[in-house]
Amino acid sequence: MENRAIFSGRLLACLLVFPQLAISLIFFYWPAAQALWQSFLVQDAFGLSTEFVWFENYVNLLKTPEYYQAIGTTFFFSLLVVFFSLAFGLLLAVMANRNIAGVQIYRTFLIIPYAVAPAVASVLFIFMFQPGLGMIARALQRNGVDWNPVLNGNHAMILIVVVAVWNQISYNFLFFLAGLQSIPRSVIEAAAIDGARPMRRFWTIVFPLLSPTTFFLIIVNITYAFFNTLGIIDTATEGGPNGSTATLVYKVFLDGKAGSDLGGSAAQSVILMIIVIVLTAIQFRYVEKKVHY
Amino acid sequence: MALRHFGAAAAVALTVGMTASPALAVTEIQWWHAMTGPNNDVVVKLANDFNASQSDYKIVPTFKGSYADTLNAGIAAFRAGNAPGIMQVFEVGTATMMAAKGAIKPVSDLMKEQGEKFDPQSYLPAITGYYSTAKGEMLSFPFNSSSMVMWVNLDALKKAGIDAPPKTWPEVFADAKKLHATSPTCGFSSSWITWGLIEQFSAWHNIPIGTKANGLDGFDTVLEFNNPLETKLLENLVELQKDKSYDYSGRTNTGEGRFTSGECGLYMTSSAFYPNVKANAKFNYTAVPMPYFPDVKDAPQNSIIGGASLWVMGGKSKEEYKGIAKFFTFLSDTDRQVYLHEVSGYLPITKAAYDKTKASGFYEKNPILEVPLKELTNKPPTENSRGLRFGGMVQMRDVWSEEIEAALAGKKSAKEALDAAVSRGNQMLRQFERTATK
């Protein structure tokens, strides 16, 4: 049963762990420490004057109503993105997991959207949804929908959710498809012989067996919705209108880059980091228990 | 075959390298800018012409992305000890640059030190005012300036039964309603809303945006644009937004296509929109000065500029400064300014260049290009119309836009939105003041 690799000397072990450690140190711990340090400072854009202010940046942040709005926006947006991108990814994977002619071609087409950069995806969708110019926007307006994402916060939210989901479906599709293909046919066939209908087979056998994949994808998708949608939001709505699509990571970017408010931006990134650590911990602690490997 | 080509290319590269090496005494000056398309060609041509005119200095222009990208690239380079000699910074970045004492070299100091002839009086006052200290010392070198105008679709006006382009805000509101009857989605719209509806609007009506001459006289400025006139404007727009007689088109200029496509008959945006309208509008068009409220005494005043100026970075060598000073003298040349104005659509920055363009009859054929100049020179600038200088202006414009959006979307009243814009802006100003003065 015991199947551990045992190293005779400490040196070899250290040597083997070193590259991974070095990468973590350089690309995670060092920048994280920098952000933490920066969050205690008030500094001008050029770095000419620096003042150590303890927790003032945090206090200021927690006094702004817009920050709480951003927290709410982030959770709402992430929930929608994770749910819809997983649901559609799974749906498409189930459909593509059948024995039909040309299945390879369908699969390839379903994977292609992942190759489109988020910013490019945004631009594509903006062209379609821009009031007065986009085809879809014009069609909506002709049919009596007062579509206007530059002024209506809900419309702007729909727009970025659609782009973010569209951009992520392929990734989820790919993993779900691989997951589906690793489920033994015999189990499903046995259930079919016992008279279980397709929906029942799916929810009682296939879906539970997919749980490791689903769990992995939930974490990846939450991270995606929290962090990687920055480009989409920047190109599609710039956080507007009235801050209704400004997620936490977008605010970090906006205040730090456009506003040159490095201290405030660093404080935000530290809080964001803590939120994500807590979220991930909760998932591993509680959700993972429901996963059957 | 391919290999032989490679050999030949290498040989050529080698000879070029060797013949170029004796000229190593040439001082290279990096010029970071944000000009795209035809205006990028103008920048390259200016650099080439200057380089060809003498053999001691070489201006090397580099495109660094949008205005904000260029500013950020410059700041990052400075922090890494590697700033360019000249940086093009848009007008709202002025306070950020100015507050960075030691990071920049004021242009008036540079020209004096280098003994170059430099007379601030020869520039258009509305332009110099924006880039000068309270004492009148020019901090940066004006490069490309524009102002805001009202673009008019003459065909759409005729169709709506309107005889002449509107001059006042009440006329704009009335025309917007009539235009809306013919175009269900838009009568009147605008780009760069904070620039147009707060910054230009205040200057045009000679009312302050903030204390201390809109921040030009000190960083301890307090915003105060939540006044009755500004509230009246916003209330009217909110009312028109309800049926889309006015229809909001976003914070920047992404909605400008709504004018050229004929959707919005009236459109307020930068005069630099001209080349685009010329290329794309399939209707009779013109541009007129920004509207004003006729019940405001002495309105209109004068407009303020947009666009960018050139900043000289600190800590460079003597040779570099000498070259930059010579380059600025080269740029100020009247004929060169006339050329810049006519080819780029941006404004001439010197009085002599304006007069010369006028004398040549250029504006008779291109009356639209004179509209922003007439706005800028309408009256001598006052405390409220010299320009503005607020720290963190890029971020602040976002905050102001957010509040205007809240009003237009009906989430807040006009007054509530403006009060919030002012108080949120003031917090940012205090933060900026704190780092700027130390």
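In what follows, the structure referred to is the one given above.
Residues numbered from 1 in each chain as written. Chains lettered and ligands numbered in written order. Predicted model: local features only at pLDDT ≥ 70, side-chain atom pairs only at ≥ 80, totals over all residues. Heavy atoms only, no water.

## With respect to the sheet that holds strand β7 (residues 188–190) of chain B
Residues and elements named next belong to chain B. Pairing is mixed across the open sheet formed by four strands, whose spatial order is β7-β8-β6-β9. Strands with a single pairing partner mark the edges of an open sheet, and in this sheet they are β7 and β9 (285–288). The mean inter-strand angle of the sheet, taken between neighbouring strand axes irrespective of direction, is 25°. As paired strands, strand β6 (residues 148–153) and β9 are joined by four bridges and run antiparallel to one another. (Pairing = 2+ DSSP bridges. Helix = DSSP H or I, 4+ residues; strand = E, 2+ residues; numbered from the N terminus. Axes fitted to C-alpha atoms, helices over the stretch in contact; angles between N-to-C directions.)

## What about the packing of aromatic side chains?
Note on aromatic pairs: each is described by the distance of the centres and the angle between the planes. The full count for this structure, using the stated rule, is 52 aromatic pairs over all chains. A centroid spacing of 5.0 Å and a plane angle of 65° characterise the contact between Trp 203 of chain A and Phe 207 of chain A, whose relative ring orientation is edge-to-face. With Trp 203 of chain A and Phe 207 of chain A both in helix α9 (residues 198–209), this residue pair falls four residues apart, about one helical turn. Under the relative-accessibility criterion, Trp 203 of chain A is labelled partly exposed at 49%. Between the aromatic rings of Phe 173 of chain B and Phe 293 of chain B, the centroid separation amounts to 6.4 Å while the plane-to-plane angle is 50°, which identifies the pairing as tilted. Within this pair, whereas Phe 173 of chain B is found in helix α8 (residues 169–182), its partner Phe 293 of chain B is found in the loop between β9 and β10 (306–313), the two being separated by 120 residues in sequence. Residue classification places Phe 173 of chain B among the buried residues on the basis of a relative accessible area of 11%. Connected via pairs of aromatic rings, a cluster forms that spans Trp 31, Phe 50, Phe 118, Tyr 123, Phe 141, Phe 143, Phe 327, Phe 328 and Phe 330 of chain B. Over the ring of Phe 293 of chain B we find Lys 232 of chain B; its NZ or CZ atom is 4.5 Å from the centre of that ring. (Phe/Tyr/Trp six-rings, centres within 6.5 Å; stacked < 30°, edge-to-face > 60°. Buried < 20%, exposed > 50% of the residue type's maximum accessible area, 1.4 Å probe, protein only. Lys NZ or Arg CZ within 6 Å of the ring centre and 35° of its normal.)

## Notes on the interface of chain A and chain B
Counting residues at the interface gives 35 residues for chain A and 38 residues for chain B. Carbon and sulfur atoms make up 50% of the surface buried where chain A meets chain B, a total of about 3100 Å² over both sides. Among the residues of chain A in contact with chain B, Phe 46, Leu 151 and Asn 242 of chain A are the three that bury the most area, contributing 26% of the side total. Taken together, chain A and chain B are joined by five salt bridges. The salt bridge involving Arg 434 of chain B is made with Glu 51 of chain A; its shortest N-O contact spans 3.2 Å. For the pair chain A and chain B, the interface holds 10 residue pairs in polar contact (both at pLDDT 80 or more). Looking at the side of chain A that touches chain B, the elements that each hand over two or more residues are β1 (41–43), α2 (56–63) and α12 (248–258) of chain A. It is α12 of chain A that contributes the most residues to the side of chain A that touches chain B, four residues altogether. (Contact = heavy atoms within 4.5 Å. Buried area = accessible area lost by both parts, 1.4 Å probe. Salt bridge = Lys/Arg side-chain N within 4 Å of Asp/Glu carboxyl O. Polar contact = N/O pair within 3.5 Å; in protein donor to acceptor, adjacent residues only side chain to side chain.)

## Things to note about the nonpolar core
If you look at the biggest cluster of nonpolar residues, it comprises 143 residues, and the most contacted ones within it are Trp 151, Trp 169, Phe 188, Phe 328 and Trp 400 of chain B. No other element matches the nine residues that helix α20 (residues 414–436) of chain B contributes to this core. Residues in contact with Phe 188 of chain B, not counting those within four places in the same chain, are Met 150, Trp 169, Val 172, Ala 176, Leu 237, Ser 245, Tyr 246, Asp 247, Leu 266, Tyr 267 and Met 268 of chain B. Counting residues in hydrophobic clusters, the runner-up holds 32 residues, among them Ala 35, Tyr 58, Leu 86 and Ile 222 of chain A. (Core = buried A, V, L, I, M, F, W, Y, C linked by side-chain atoms within 4.5 Å.)

## Looking at the pattern of salt bridges
Scanning the model with the defined rule gives 30 salt bridges over all chains in all. In this structure, Arg 434 of chain B and Glu 56 of chain A form a salt bridge, with 2.5 Å as the shortest nitrogen-oxygen distance. You can see Arg 434 of chain B sitting in helix α20 and its partner Glu 56 of chain A sitting in helix α2, one on each of two chains. Relative accessible area serves as the criterion here: at 21%, Arg 434 of chain B is assigned to the partly exposed category. By relative accessible area, which is 28% here, Glu 56 of chain A ends up partly exposed. The shortest N-O distance in the salt bridge between Glu 403 of chain B and Lys 412 of chain B comes to 2.7 Å.

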